[in-house]
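Remarks on the overall topology
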Amino acid sequence: MTTLDDDKPTPRGELTLQIIPLPSDTNANGDVFAGWLVKQMDLAAATMAGRISQGRNATVAMDRMEFLSPLRVGSQVGCYCELVDIGRSSMKISVEVWTLDRTAKNPRKVTEGLFVYVAIDEHGRIREVPEQAL
């Protein structure tokens, strides 16, 4: 994002998962559970990690999570993923969640987090991530 775009924030990364939360995904206050949202973020990041590692992977850490505003039932939720770092067997993937409320014209950022995965083989042992084309 450049300084010319500061008044129009946009998601970073690739749209990897899109979903709509239902009333069964809420707490007693009517807000979507944070755990539900973390699950969606993990699914999105794991999808990207699977493409990068060309196989199985496992979540080993969530480095940080920041919730910026509540998520409403019926909103269109998009998880945007970006590969931040890649090691011999690990991948760090940033996930931003943006929502478009049913009555809104512009999307808003709900949360972001950093997820770490390792590539694993068919026996669940750590393996190398295949070399990536630039």
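Up top is the structure.
These numbers come from a predicted model, not from an experiment.

Focus on the sheet that holds strand β3 (residues 76-86)
Taken in spatial order, the 5 strands of this open sheet run β1-β3-β4-β5-β2, and their pairing is antiparallel. A strand with exactly one partner marks an edge of an open sheet, and here the two such strands are β1 (14-19) and β2 (57-67). For this sheet, the mean inter-axis angle between neighbouring strands, taken without regard to orientation, is 25°. Summarising the sheet, β1 and β3 pair through 5 bridges and their orientation is antiparallel. Bridging across to β3, Leu17 finds its partner in Cys79. Of the strands in this sheet, β1, β2, β3, β4 (90-100) and β5 (108-119) touch helix α1 (residues 34-53), which is tilted by about 50° from β5.

Considerations on the pairing of β4
With 8 of its 11 residues buried, β4 lies for the most part within the structure. The turn joining β3 and β4, which pair antiparallel and follow one another in sequence, is formed by 3 residues. Note: β4 against β5, 10 bridges, orientation antiparallel. Among the inter-strand pairings, Glu96 is bridged to a residue of β5, identified as Glu112.

A short note on the pattern of salt bridges
Here the idea is simple: oppositely charged side chains can pair when their charged atoms come close. Summed over the entire model, instances satisfying the criterion amount to 9 salt bridges. Taking the shortest distance from any N to any O, the salt bridge between Glu96 and Arg12 comes out at 3.6 Å. Here Glu96, found in strand β4, pairs with Arg12, found in the segment before β1; they are 84 residues apart in sequence, far enough to count as distant. Among the residues examined, Glu96 registers a relative accessible area of 4% and is labelled buried. Salt bridges sharing common partners tie together Arg12, Glu82, Glu96, Lys109 and Glu112.

Side note on α1
Spanning 20 residues, α1 covers 28 Å between terminal C-alpha atoms, matching the ideal 28 Å at 1.5 Å per step. Summarising the contacts, the buried residues of α1 are in contact with β1, β2, β3, β4 and β5. Immediately beyond the C-terminal end of α1, within one or two residues, lies Gln54, with a positive phi of roughly 55°.

So, the environment of Tyr117
Following the sequence through the fold, Tyr117 ends up in strand β5. With relative accessibility at 0%, the residue Tyr117 sits in the buried group. Spatially, the C-alpha atom of Tyr117 lies 6.3 Å from that of Asn57, the residues being 60 residues apart in sequence. Setting aside residues up to four positions removed in sequence, Tyr117 forms contacts with Asp42, Ala45, Ala46, Ala49, Asn57, Ala58, Thr59, Val60, Ser89, Ser90, Met91 and Ile93. Only 2.6 Å separates the side chain of Tyr117 from the side chain of Asp42, close enough to count as a polar contact.

Points about the nonpolar core
Grouped together as the largest cluster of nonpolar side chains are 22 residues, with contacts concentrated most on Leu37, Met41, Leu71, Ile93, Val95, Val97 and Tyr117. At the level of elements, α1, β3, β4 and β5 are the ones that each hand at least two residues to this core. With 8 residues, α1 is the single largest residue contributor to this core. Ignoring any residue separated from it by four or fewer positions in sequence, one finds Leu71 in contact with Pro21, Asp31, Val32, Trp36, Leu37, Val77, Thr99, Arg108 and Val110.

Thresholds applied
Every chain is numbered independently, its residues counted from 1 as its sequence is written. Residues qualify for local features only when their pLDDT is at least 70, as the model is predicted, and side-chain atom pairs are given and counted only at 80 or more; totals for whole chains, interfaces and linings, by contrast, use all residues. Water and hydrogen atoms play no part in the side-chain values, which are based on all heavy atoms of the structure. When DSSP finds two or more bridges between two strands, those strands count as paired. Only DSSP runs of H or I covering at least 4 residues are called helices, and only runs of E covering at least 2 are called strands; the numbering of each starts at the N terminus. To define axes, lines are fitted to C-alpha atoms, for helices over the stretch in contact only, and angles between the resulting N-to-C directions are given on a 0 to 180 degree scale. Two residues qualify as a contact provided that any one of their heavy atoms is within 4.5 Å of a heavy atom in the partner residue. Per-residue accessibility, obtained with a 1.4 Å probe over protein chains only, is compared with the maximum for each type, and a residue is labelled buried under 20%, exposed over 50%, and partly exposed between these values. Salt-bridge detection follows one rule: a side-chain nitrogen of Lys or Arg within 4 Å of a carboxyl oxygen of Asp or Glu. What a helix is expected to span follows from its residue count: subtract one and scale by 1.5 Å. Whenever a nitrogen or oxygen atom comes within 3.5 Å of another N or O atom, the pair is scored as a polar contact, on the condition that within protein one atom can donate a hydrogen and the other can accept it, and that pairs from neighbouring residues in sequence are kept only if both atoms are in side chains. Only buried residues count toward a nonpolar core, which is a set of Ala, Val, Leu, Ile, Met, Phe, Trp, Tyr and Cys residues joined through side-chain atoms within 4.5 Å.

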